[in-house]
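What follows is each chain in one-letter form.
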Amino acid sequence: MTQPGPAGVLRIANCSGFFGDRAGAAREMVEGGPIDVLTGDWLAELTMYILHKTRQRSGGYARTFLRELEDVLPTCVERGITVVANAGGLDPELLADAVRALGRRQGVSVRVASVSGDDITARLPELRRTGEHFVNLDTGEELPPDAAVVTANAYLRARPIADALGAGAQVVVTGRVTDAALVVGPALHAFGWADDDHDAIAGAVVAGHVIECGAQCCGGNYAFFEEVPGPERIGFPLAELYADGSCVVTKHAGTGGVVSVGTVTAQLLYEIGEPRYLSPDAVARFDTIHISQEGPDRVRLGAVRGEPPPPTLKVTANLDAGWRNAMTLALTGADVAAKARVAADAVWAGIRGGKQAFSESAEDLSGDLTGHGLAYLRLAVRGDDEQTVGRAFSGAVVETSLSSYPGTFFTSAPSGAQRVARYWPTTVAASAVTPVVLCDGSAVEQGTRTPDPRRSTGPTTGATTAAEAARPAERPGGGTRTDGAASVVPDGGGLVRVRLGVLLGARSGDKGGDANVGLWADEDDVASWLQHAFGVTQFRALLPEADGLEVRRYALPNLRALNFVVHGFLGWGVASNLRLDSQAKGLGELVRARELDVPAALVASGRPAARLAAVSQ
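Predicted model, so just to flag it, every value in this text is computed and none were measured.

We now examine the nonpolar core. Leu241, Leu268 and Leu301 are the most contacted members of the largest nonpolar core, which has 86 residues in total. Ignoring sequence-local partners within four residues, the contact set of Leu268 consists of Val206, His209, Val210, Phe286, Ile289, Ile291, Leu301 and Leu559. Counting 35 residues, the second largest nonpolar core, distinct from the first, contains Ala527, Val536, Ala546 and Val566.

Shown next as structure tokens:
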């Protein structure tokens, strides 16, 4: 039974942000301090396709979860710590069997539940007949009837996890649920929330979004990395959740990293679109989040406004998209661009059909283009024929070794073609998907939770005041989509040219074929400038790579932030695009490194002045 701890606080820890995160993090979280729930996210959008390709040897689930659980299962059972993870991937029932087998080997009696029903791959024809069209959320295309779909999974809501816990499960493994469901599910169970407690649920959604990426909210991948203590071993996070949905994000004492308004804001901006953050449990209004530093390594997120969930579930499908390959050539000395042109032309000439032999090709020149260091030419291709993409392409590159530009050499040996998928984000009616919950092999009864009139809905010790909760709603236009800045902030002291990173932090990532770049300020005057003088025009000037693509701007003044979404930047998604940074992880840092003219007053004092001084040294 998952229950709140002292003072009505439910302590939910995270030990994994992706398939391949730090081994041993589960032990760190269990042994590092008191927790009530241990969660872990194993399923990025690409992971389902990876599990599909490795299913015959891996069983379709994340085996690394078992290795982590082996370290902590006896302790978790002894202390009453609930474990909830989405490591079940394509076969949660099989993973549940493996967890029970692990318990038997360790002499531990443990109740294990699985949550499935998310896999609708085989049901696509049936669902079409009932009126589902599976329109691509990025492109507006309807899924072709003959599309080579290899996986299609709906993002299930959190209620089935709560049902599994209500049935006595001590470990719950799921397939594709929302990332936040790993937090929302235990909270639903512990606090007895009804399905229409949208504000409380929205708060849990926000808490789940913050901690689901592991160490990122504790200083990992942080824009101002030089301000992070102990970066060699950053701690993993936990959320102290209250009955009203508010929480405190923190980490175990003695671990590296830092939990600050900045590190948490960075994570709030990670891989989001508009401020109405959709989930099948509640829509969380990110433009109503109150964030404050409560103490060292303690950031409070006040109660969040929630709205009813949409009538549909998001579905991620992967379509067979052929093969991909890439090779990188190094260039030294002068005339870098000319040498790169010679190299690329020679490669394409060595392939029957040239560039046209491939469905897609890319040439990327990077590194030191001045001639004083190393530059790199990366050639990448995608196509339907494995032989052409594989041996024909790699062979053509290698054959230029002695007949190309002076100083030719490669950064790696040639490789074969890699099978890739096209990411297809779409939706399905929530009523068309029925979750399956099994606890120790027996079906668990599911249903909605209606309000209990005896249960208080008033604020708890973790709540913000009523005035604080009301302020976001009173802010006109907060969090709305805007395509440009309202006006230029008066400077009064002239302009100075600086790197954007002197003023702002950034966090970027992928949303299917789109990329998002969240920018935030840590000084009030910079935040005002950001909201009023930094629009799509300024963003495009810093990111010419977005030319020809739609860019949307969303304001989040409560977070002193903006979010930009560049539509189509990643083509068909991470599994098939030819970019070296296929998930746009470094896009925010690229934008921060570029220069623009800003009012001199913004860098005259405070943290921007200190950063400018450091850059100038």
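With respect to the element layout, Leu319 can be found in strand E14 (residues 312-332). Sequence separation between Leu319 and Ser442 is 123 residues, and the spatial gap between their C-alpha atoms is 34 Å. Ignoring anything within four residues of it in the chain, the contact list for Leu319 reads Leu143, Ala147, Ala148, Val149, Val420, Ala421, Arg422 and Trp424.

Another aspect to go through is a nonpolar patch on the surface. Side chains of Leu374, Tyr376 and Phe409 sit close together on the surface and give an oily, nonpolar patch of about 250 Å² of accessible area. Here Phe409 shows up in strand E17 (residues 409-410). With a relative accessible area of 40%, Phe409 lands in the partly exposed category.

On to the sheet that holds strand E10 (residues 283-285). The strand order across the open sheet formed by three strands is E9-E10-E13, and the pairing between neighbours is antiparallel. At either margin of the open sheet sits one strand with a lone partner, and together these are strand E9 (276-277) and strand E13 (306-307). Relative to E13, E10 runs antiparallel, the two sharing two bridges. When the bridges of E13 are listed, Ala284 appears paired with Gly306.

Spanning 13 residues, helix H12 (residues 386-398) covers 18 Å between terminal C-alpha atoms, matching the ideal 18 Å at 1.5 Å per step. The sharpest bend along H12 reaches about 25° and sits at Ala392. Looking at H12, one finds that the buried residues are Val389, Gly390, Phe393, Ser394, Ala396 and Val397. As for H12, its buried residues are in contact with E14, helix H11 (336-349), strand E16 (374-383) and E17.

Under the criterion given, the structure shown has 37 salt bridges. Asp297 serves as the salt-bridge partner of Lys251, at 3.8 Å between the closest nitrogen and oxygen. Here Lys251, found in strand E8 (residues 247-251), pairs with Asp297, found in the loop between strand E11 (291-295) and strand E12 (298-301); they are 46 residues apart in sequence, far enough to count as distant. For Arg285, the salt bridge identified is with Asp287, shortest N-O distance 2.7 Å.

In space, the 11 strands of this open sheet follow the order E11-E12-E8-E7-E1-E2-E3-E6-E4-E19-E20, with mixed pairing throughout. Only two strands of the sheet have a single partner each, and these edge strands are E11 and strand E20 (442-443). Relative to strand E19 (residues 436-439), strand E4 (residues 112-116) runs antiparallel, the two being bridged by four bridges. When the sheet's bridge partners are listed, Ser114 is paired in E19 with Leu438. In the packing of helix H5 (residues 92-105) onto the sheet, contacts are made with E4, strand E6 (171-174) and E19, and the angle to E4 comes to roughly 170°.

What counts as what
Residues numbered from 1 in each chain as written. Predicted model: local features only at pLDDT ≥ 70, side-chain atom pairs only at ≥ 80, totals over all residues. Heavy atoms only, no water. Core = buried A, V, L, I, M, F, W, Y, C linked by side-chain atoms within 4.5 Å. Buried < 20%, exposed > 50% of the residue type's maximum accessible area, 1.4 Å probe, protein only. Contact = heavy atoms within 4.5 Å. Helix = DSSP H or I, 4+ residues; strand = E, 2+ residues; numbered from the N terminus. Patch = residues over 30% accessible without salt bridge, like charges linked within 9 Å, V, L, I, M, F, W, Y side chains within 5 Å. Areas by Shrake-Rupley, 256 points an atom, 1.4 Å probe, with all protein chains shown as cover. Salt bridge = Lys/Arg side-chain N within 4 Å of Asp/Glu carboxyl O. Pairing = 2+ DSSP bridges. Expected span 1.5 Å × (residues − 1). Bend = angle between axes of the 7 residues up to and from the residue. Axes fitted to C-alpha atoms, helices over the stretch in contact; angles between N-to-C directions.

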